[in-house]
Each structure stands twice: as structure tokens, then as C-alpha cells.
Amino acid sequence: MISLLAAVLLLTTPAEEHRFTVPAGGEAVATITAGCEGCDWGTSGQEAVLARVTVDGTYSQHLLIARGATPVPYRILLGPLAAGEHRVVIERDEKRSAKNAGAMKIERVDVRTFAAGTPEHEWLEQAPFVHARSGTVERFSDLPIHAWAERAPAPAVGFRYSIIFSHEDGGTPTDRLMATWGRTTDVEFVYGTERTPDGVLHQEIQARNHDILPFAGQRLGAHPLLWVATENNMVSDTGPADAVRFGLAPEFVSLENVAREVVMDKSPWTYALMSAELRREGRIDPAGTPGSAKIPDPRRFAYLEACGDLVNATLAFDIGVSRAGGQTEWFPSDRGDFRFRIARSGCFRAAVPLADGVTAEQITGVRMRAYTRPRRDIEPILPAGTGVVKLRRLNGVFML
């Protein structure tokens, strides 16, 4: 028989301490290879382990270990570190970890620093630390799971930072997200620092109502400290000091002629967490109709990426599937509902639910439908044929 005390000890992982030497001061990034026995993001009570990370005895952030038992790499920012000896401690936060999550396993910790003057230092130096909104950590919902940096559009010089959240409590319903964005994660620009040709430095955040406001908050070194402030993951530069902090180390990407979702494609585990959260929150229903805010299994969707220019227009795509007898059956992304049509220019994703059992090999074609957009507020109705769509490229179609 195992005593209660012994059972508790079996589930409790002692703090992992990692000592390392920084040869020259710079921005530090830790790659923590970790797993969580019995964790399942899609099962209530088993979602994840939250580990508290300290650097030289000072709180740095929490690490969300949510990708299963097999140890995988998690990259986090440690901030600026001086040359010399340092210590990282990773300790399971019992209060915030899922009650039925098993033992945390830290396989290894690798720390690398990037000195001033290196290309990596240039964009790592101002990558933001983000504090979670109250209630999200407690429910394992809408949490930041991945981040990236990209260069500011020319002629400005600087960088923009975006975060992928596992979902969003507010904003667009789940079924419309899939139809018009090709995902149910929430992808948000959170902070930018760029100097315009006139020499003016703009350091800005995406705040409530998508307003772009000057950043006027605190920093950890040069890293801005942000707080998620709304149910659709807009941020503020002020917030509660005791909020759980995340320091995702961004990857550096170029998004020329591609949609932002390619960042998810490069890290396909983000789709797995997306799908698991939908399942846990009861948002998957094979019989869900448009407007129900529910969708079939994400593995039944065809995901399409294209780039185009829309003027007073919306568009939808149809996916052609080969059927018996050489017939083609077409599946629409808008599912007969005008609210499910894409209404933005640039590079975009759509996702189309196909019949159960259809495989990617059966997809034989894609076609586009364009519409004059509905009127906005009290403006006059636009005459039919007013809208114009120029499709510049079709980047591809895939299934999970």
C-alpha cells in the first residue's frame, strides 16, 4: 500500500537547478527540454504543468509544459545577463499545475547568450514578456504558446512582435474563425519598435479595440512588460504585479507573400494544442451548423492559403473532391453564410470542412467566388458588381 505522503511525493518533481557561465554579457535564451507525464491539453484536470522559473533567485516567468510526456524543447527568454556565473531554477508550481497532471521531467537545459552587435541580439533585446489575463491560467485557456519577430515594413527600420494564443474567449466565434482565418488560435501583434525615415522612434502596443498606442510601461532590461487585457488578447502596458508572466523566445521569420499562419505550419504542435483545447471546451461537433460556434474535427478541414487584393469585396473558396464515377463534389468555405467570407487584402487562410473520410489525395481543385461586400453601418448599399478581387497567388492546400 502506498501512503498518501508517498503518493504526493511521486507526483512532486523537485526543483531543477542549472548553473552556467556566460562568457560575455548579452541576451540569454534558454532551451528547456521537458515533458509532463500524463498531461493532456484536451482533458480537464490533466492539461499541463506550470513551472516557476527563477534566474539568480529572482522570478523570471512561468513555463507551460503542455506537449505530452516525451521531452520536447521549450525556448524562453532569460533577459540580459552579465558575464559570469548564473543559476536557473525550474520548479513545479503545484498551485497552478493541473490537479491530475503527472510528474514534470526536465531532460536538459541549454542556455545561449547573444552579445550586443550580433544579428540575434538586435531583435531579441526588445522581445516582450507577457502577463496572462486573470482566469486564463486557471482554466488553461487562451494562453500564449508561441511567438515570432519580423522586420518592420520598409521604409521603417525595426521589429514587430506577435504571439500565438491557444484560443480566444472573445471576438470571432469558432466556426467563423476557421472559415475566415483557417485556425482557432488567436494570432496577435503585441508590440513594435520601429524608426521611420524622419528619425522618429515609435514603440507601440496593440491595445483594447485594436488601438495602436505608445508603449509607456516598465521594462526588464530593454524587454517591454505587457499584460493581456481583453478577452481577444489585446494588451496593456500596466497590470497586476502578481500576474503569471510568460517569456516566449520568438523565432525570427519573414512573411513575404505568405500568411502569418505559416509560423504555425513550422511548429505543427500548435495545431495539436489548438485542437485539444477545442475538444476540452466542447467546441467540436460533427453536426455543428454555421452559426453554432462549433466545428467538425479540425482534421476534416482542408486549409487553403492565397494572396489577393479586395476592394469593396468579400470572397470564398470551394474545394473540389473526387468522388466515385469521376464526379467532383465542391465544398464551400462560406458554407452558404455571407459572414463566413474573407474580407481583407493580403495573404490569408481559409479552412473548409470536408465530408468525413475524405483525404488530401482526393482534393482535385480549388475555385474562388467573389461578392460585393455588405454595407457597413448606415452607408448606402453598394450596387452589385462594385466589388473587385484580384487573386495574386494560391500558395497551397493541405490537411492536418
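Further up the page is the structure itself.
All figures in this text were calculated on a predicted structure; none of them were measured in a lab.

Colleague: Hey, could you run me through the sheet that holds strand β21 (residues 328-332) in this one?
Modeller: Neighbouring strands of a sheet are bound in pairs by backbone hydrogen bonds; such pairs are parallel or else antiparallel. With antiparallel pairing, the 3 strands of this open sheet are ordered in space as β21-β20-β23. Bordering the open sheet on either side are β21 and β23 (363-372), each of which pairs with just one other strand. The mean angle between the axes of side-by-side strands here comes to 25°, regardless of whether they run parallel or antiparallel.

Colleague: Can you help me understand empty space enclosed by the protein in this one?
Modeller: Remark: the empty space left among the atoms is shown by a probe the size of a water molecule rolled over them. A complete count under the given rule lists 2 cavities of 30 Å³ or more for this structure. Considered as a void within the structure, the largest cavity measures approximately 80 Å³ in volume. In this structure, the largest cavity is lined by 13 residues; those nearest its centre are P128, A147, S162, I163 and L248. Looking at the lining of the largest cavity, the elements with two or more residues in it are β9 (144-151) and β10 (157-165). Roughly 30 Å³ of volume is contained in the second largest cavity. Those elements giving two or more residues to the lining of the second largest cavity turn out to be α4 (174-181) and β22 (346-353).

Colleague: Explanation requested: the side chain of S60 in the structure shown.
Modeller: With respect to the helices and strands, the residue S60 is situated in strand β4 (residues 58-65). A residue is classified by how much of its surface remains accessible, and S60, at 4% relative accessible area, is buried. Of the polar contacts made by the side chain of S60, one reaches the side chain of Q61; its length is 2.8 Å.

About the cut-offs
- Residues numbered from 1 in each chain as written.
- Predicted model: local features only at pLDDT ≥ 70, side-chain atom pairs only at ≥ 80, totals over all residues.
- Heavy atoms only, no water.
- Pairing = 2+ DSSP bridges.
- Helix = DSSP H or I, 4+ residues; strand = E, 2+ residues; numbered from the N terminus.
- Axes fitted to C-alpha atoms, helices over the stretch in contact; angles between N-to-C directions.
- 1 Å grid on protein atoms, 1.4 Å probe; cavity = no way out; pocket = protein on both sides within 12 Å on 5 of 7 lines; lining within 4 Å.
- Points joined across faces, edges and corners; volume = space filled by probe spheres on them.
- Buried < 20%, exposed > 50% of the residue type's maximum accessible area, 1.4 Å probe, protein only.
- Polar contact = N/O pair within 3.5 Å; in protein donor to acceptor, adjacent residues only side chain to side chain.

From the geometry alone we can't say anything about function, so treat these as descriptive.
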